[in-house]
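# Coordinates in review
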Amino acid sequence: MNPRTASARVLLLDDHPGVLRQVAELLPAGFEVVAALHEGKALPDAMKRLKPDLVVLDITLPGTSGIELASQLRDSGDSGKVVFLTAHDDADYARAGFAAGGKGYVVKSRLATDLVPALEAALEDREFVSQGAALEGLQNDGWTETGSAAMDN
């Protein structure tokens, strides 16, 4: 593991408790889950109080969008790096997520293989995207073509 992850503080936001539990169990030593939220309206206060290094954020949430929340975090100057964890294997969603300030885009079907590398890439200020049939179009936007792709800014 990258030494920079030795004390990485992670905030999780997903409306499915099972996903929150799975993500928390998947993270290796060196990643500290500081909160597991199930609704977007709790995010701004949690960010101020907990000051996480990383935010794992679902895109589809009741009453709001993870992309909107990421834009708000970016516009507020928050330093937490956003990694989207989503069911949407869709290049348009991925582009919107990166435009909103996201550093990673992980498809839930690749959670076990891609989340930790995406978090490590975000800590190093690199972008990461899961490989998927619909996401392959991102290679035309400068993404490398490997099992899962990461690129330097």
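As the structure is a prediction and not an experimental result, all values here were calculated from the model.

With that settled, consider the confidence of the model for the protein. Looking at the protein, pLDDT values average 87 and 83% of them are 70 or higher. The model gives residues 1–5 a pLDDT under 50, and that stretch makes 13 contacts with residues more than four places away or in other chains. A low-confidence stretch, residues 143–153 stays under pLDDT 50, and its non-local contacts, those more than four residues away or across chains, total 32 contacts.

This brings us to the side chain of Thr-86. Among the structural elements, Thr-86 can be located in strand S6 (residues 81–86). Ignoring any residue separated from it by four or fewer positions in sequence, one finds Thr-86 in contact with Asp-58, Ile-59, Tyr-105, Val-106, Val-107 and Lys-108.

By the definition in use, this model includes 2 cavities of 30 Å³ or more. Here the second largest cavity defines a volume of roughly 50 Å³. Together, Leu-12, Leu-13, Asp-14, Val-19, Leu-20, Val-23, Val-56, Leu-57, Asp-58 and Leu-85 line the second largest cavity. Of all the secondary-structure elements, those providing two or more residues to the lining of the second largest cavity are strand S1 (8–13), helix H1 (17–26) and strand S3 (54–57).

Here Asp-114 shows up in helix H5 (residues 111–123). Within the structure, the side chain of Asp-114 is placed 3.1 Å from the side chain of Thr-113, a separation counted as a polar contact. Reaching out from Asp-114, the side chain makes a polar contact with the side chain of Ser-130 at a distance of 2.7 Å.

For the coordinates displayed, the defined rule picks out 11 salt bridges. Notably, a salt bridge pairs Asp-114 with Arg-110, separated by 2.8 Å at the nearest N-O pair. What makes Asp-114 buried here is its relative accessible area of 2%.

Those residues of helix H2 (residues 43–50) not exposed but buried are Leu-43, Ala-46, Met-47 and Leu-50. Down the axis of H2, the smallest arc covering the buried residues is 100°, so these residues share one side. Among the exposed residues of H2, those oriented more than 90 degrees off its buried face are Lys-48 and Arg-49. Where the residues of H2 are buried, they touch S1, strand S2 (31–37), S3 and helix H3 (66–75).

The rules we used
Residues numbered from 1 in each chain as written. Predicted model: local features only at pLDDT ≥ 70, side-chain atom pairs only at ≥ 80, totals over all residues. Heavy atoms only, no water. pLDDT = per-residue confidence, 0-100. Contact = heavy atoms within 4.5 Å. Helix = DSSP H or I, 4+ residues; strand = E, 2+ residues; numbered from the N terminus. 1 Å grid on protein atoms, 1.4 Å probe; cavity = no way out; pocket = protein on both sides within 12 Å on 5 of 7 lines; lining within 4 Å. Points joined across faces, edges and corners; volume = space filled by probe spheres on them. Polar contact = N/O pair within 3.5 Å; in protein donor to acceptor, adjacent residues only side chain to side chain. Salt bridge = Lys/Arg side-chain N within 4 Å of Asp/Glu carboxyl O. Buried < 20%, exposed > 50% of the residue type's maximum accessible area, 1.4 Å probe, protein only. Arc of directions from axis to C-beta.

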